[in-house]
Amino acid sequence: MAVVPVALAGRSYDVTIEAGALAKLAELAAPYLDRYNGRKVPFVTDANTHRLYQNQIETALAKGGHHAEWFVVDPGEGAKSWGVLEQLTDWLLTLGITRSDHVFALGGGVVGDLTGLACAVAKRGCGFVQIPTTLLAQVDSSVGGKTAINTRAGKNLIGAFHQPSAVIIDPLVLGTLPDREMRAGYAEVVKYGLLGDAEFFDWLDVNGTQVLARTPEPLAHAIATSIRAKAKIVAEDERETNDVRALLNLGHTFGHALEAETGFSDQLLHGEAVALGMVLAARYSAQRGDLAASDAERSARTIAAAGLPSEIAELGLTCDGAKLADHMRHDKKMEGSTLPFLLLKNIGEAYMARDVELSDIAAFLDTELARA
Ligand code: ADP
Ligand code: ZN
């Protein structure tokens, strides 16, 4: 078992990583369950995770004499909406949730983001516990307190910072996760190596196949190392007020443009877009002379070896670089014609460049789109 503390003034919490954690839930979450004292414990989940894990959760809760009440959303981004947020908050109020109660979020990033936001606003803030079930949610979205829904204007534009009281991670649940979702989450694992930990990047080159195959020890190590990196960054810059937390966005500016161009659809999952975005950030860094070209190509090989897309030419996009760069123009961080860009000096050393002209990015993307 690994316990990673997230040190935040006044609201520190632990991330517990343990194979079999789900079965021990009554014990691991006792401080949050015991207050229910006979009342049913609210669990938010999606239809897939409900079907797969409802019985395990009920059995685990019964060991402490608890019972769950379920709020089940449809799988997919559609659940991160005003409509579902309204239904969920109404449900919590009907249950008579109080500010010292804790709601349990069992699922991927969608369930965690939605539940976190509902708990930020219900009764002006109640507690919640994250039980992330995708690799992406385990290593990234469940830790750090960002919660959000999507609106017509874009993704994650309505949200709140609301930290969970605990994050409980059972790597065994990744056994049922589709391989494509596993690889997409793995992109965010590679991100931690690239942005700040060359040794971890080396380790992933050797052990990545085992991680993706869910071999227990390497998998737990990859999850714990990722969370330690994230916890450190979040503790330094909880609300992204300086450039520290922004480091977590490595590959995301390029990635977001690709997601927008493919309509935020199943054609390109978030993690896949981030994988491509990291290759682009590395190659652009090399073009500027910041990063050795050999390191840029090594990054691309690492990503390709994980079965992730590493060449935007393979996406079959019909647009040009200017159209992709246009998706970045509305970024709230734009300063005149430049956009602060996370680039690489080395594998394991990201930095924020403030002199990147969007027109230069467009020209660079034209070259990438034309790569054979
Ligand atoms: P993410 O965590 O990547 O943000 P989602 O919350 O949309 O994404 O989850 C991705 C998909 O994986 C959804 O269809 C969800 O129902 C499914 N899923 C989540 N966890 C598991 C699991 N442990 N086993 C099988 N499917 C899962
Ligand atoms: Zn991401």
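Summarised in this report is the structure supplied together with it. All figures in this text were calculated on a predicted structure; none of them were measured in a lab.

1. What to know about the pattern of salt bridges
If you walk through the whole model with that rule in mind, you get 29 salt bridges. With its nearest N and O atoms 3.9 Å apart, the salt bridge here joins Glu 77 to Lys 155. A residue pair is termed long-range when its members are at least 10 positions apart, and Glu 77 in the loop between strand 4 (68-73) and helix 4 (82-94) and Lys 155 in strand 8 (residues 154-161) qualify at 78 residues. For Glu 77, a relative accessible area of 35% corresponds to the partly exposed category. Using a relative accessible area of 24% as the deciding quantity, one classes Lys 155 as partly exposed. With its nearest N and O atoms 2.9 Å apart, the salt bridge here joins Asp 205 to Arg 298. Here Asp 205, found in helix 8 (residues 198-212), pairs with Arg 298, found in helix 13 (residues 293-305); they are 93 residues apart in sequence, far enough to count as distant. Overall, Asp 205 belongs to the partly exposed group, its relative accessible area being 37%.

2. Focus on the site of ligand 1
Inspection of the region around ligand 1 gives 17 residues, with Asp 46, Gly 109, Thr 133, Thr 134 and Thr 176 positioned closest. Between ligand 1 and Leu 177, the relevant distance is 3.4 Å, taken from a nitrogen atom to a main-chain nitrogen or oxygen of the residue. Expressed as a share of its isolated accessible area of 570 Å², the protein-covered part of ligand 1 is 85%. Those elements that place two or more of their residues in the shell around ligand 1 are helix 3 (47-62) and helix 5 (109-121). In terms of residue count, helix 3 provides more of the shell around ligand 1 than any other element does, 4 residues in total. The residue inventory of the shell around ligand 1, partitioned by class, reads 8 nonpolar, 7 polar and 2 charged.

3. Considerations on the environment of Leu 8
Examined against the element boundaries, Leu 8 turns out to sit in the loop between strand 1 (2-6) and strand 2 (13-17). Since its relative accessible area comes to 4%, Leu 8 is described here as buried. Between the C-alpha atom of Leu 8 and that of Val 234, which follows or precedes it by 226 residues, the distance is 8.2 Å.

4. Concerning the coordination of the zinc ion (ligand 2)
The protein atoms that coordinate the zinc ion (ligand 2) are Glu 188 (OE), His 252 (NE2) and His 270 (NE2), at distances spanning 2.0 to 2.2 Å. Binding-site remark: the zinc ion (ligand 2) is held by donors from one chain whose sequence spacing is E-x63-H-x17-H. Of the two residues, His 252 is situated in helix 11 (residues 252-261) and His 270 in helix 12 (residues 270-288); the sequence distance between them amounts to 18 residues. Residue His 252 is classed as buried on the basis of its relative accessible area of 16%. Using a relative accessible area of 27% as the deciding quantity, one classes His 270 as partly exposed.

Definitions and cut-offs
Residues numbered from 1 in each chain as written. Chains lettered and ligands numbered in written order. Predicted model: local features only at pLDDT ≥ 70, side-chain atom pairs only at ≥ 80, totals over all residues. Heavy atoms only, no water. Salt bridge = Lys/Arg side-chain N within 4 Å of Asp/Glu carboxyl O. Helix = DSSP H or I, 4+ residues; strand = E, 2+ residues; numbered from the N terminus. Buried < 20%, exposed > 50% of the residue type's maximum accessible area, 1.4 Å probe, protein only. Near = heavy atom within 4 Å. Polar contact = N/O pair within 3.5 Å; in protein donor to acceptor, adjacent residues only side chain to side chain. Areas by Shrake-Rupley, 256 points an atom, 1.4 Å probe, with all protein chains shown as cover. Nonpolar A, V, L, I, M, F, W, Y, C, P; charged D, E, K, R; others polar. Donors = N, O, S within 2.8 Å, 3.2 Å for Na, K, Ca; no water.

In short, geometric facts, not functional conclusions.
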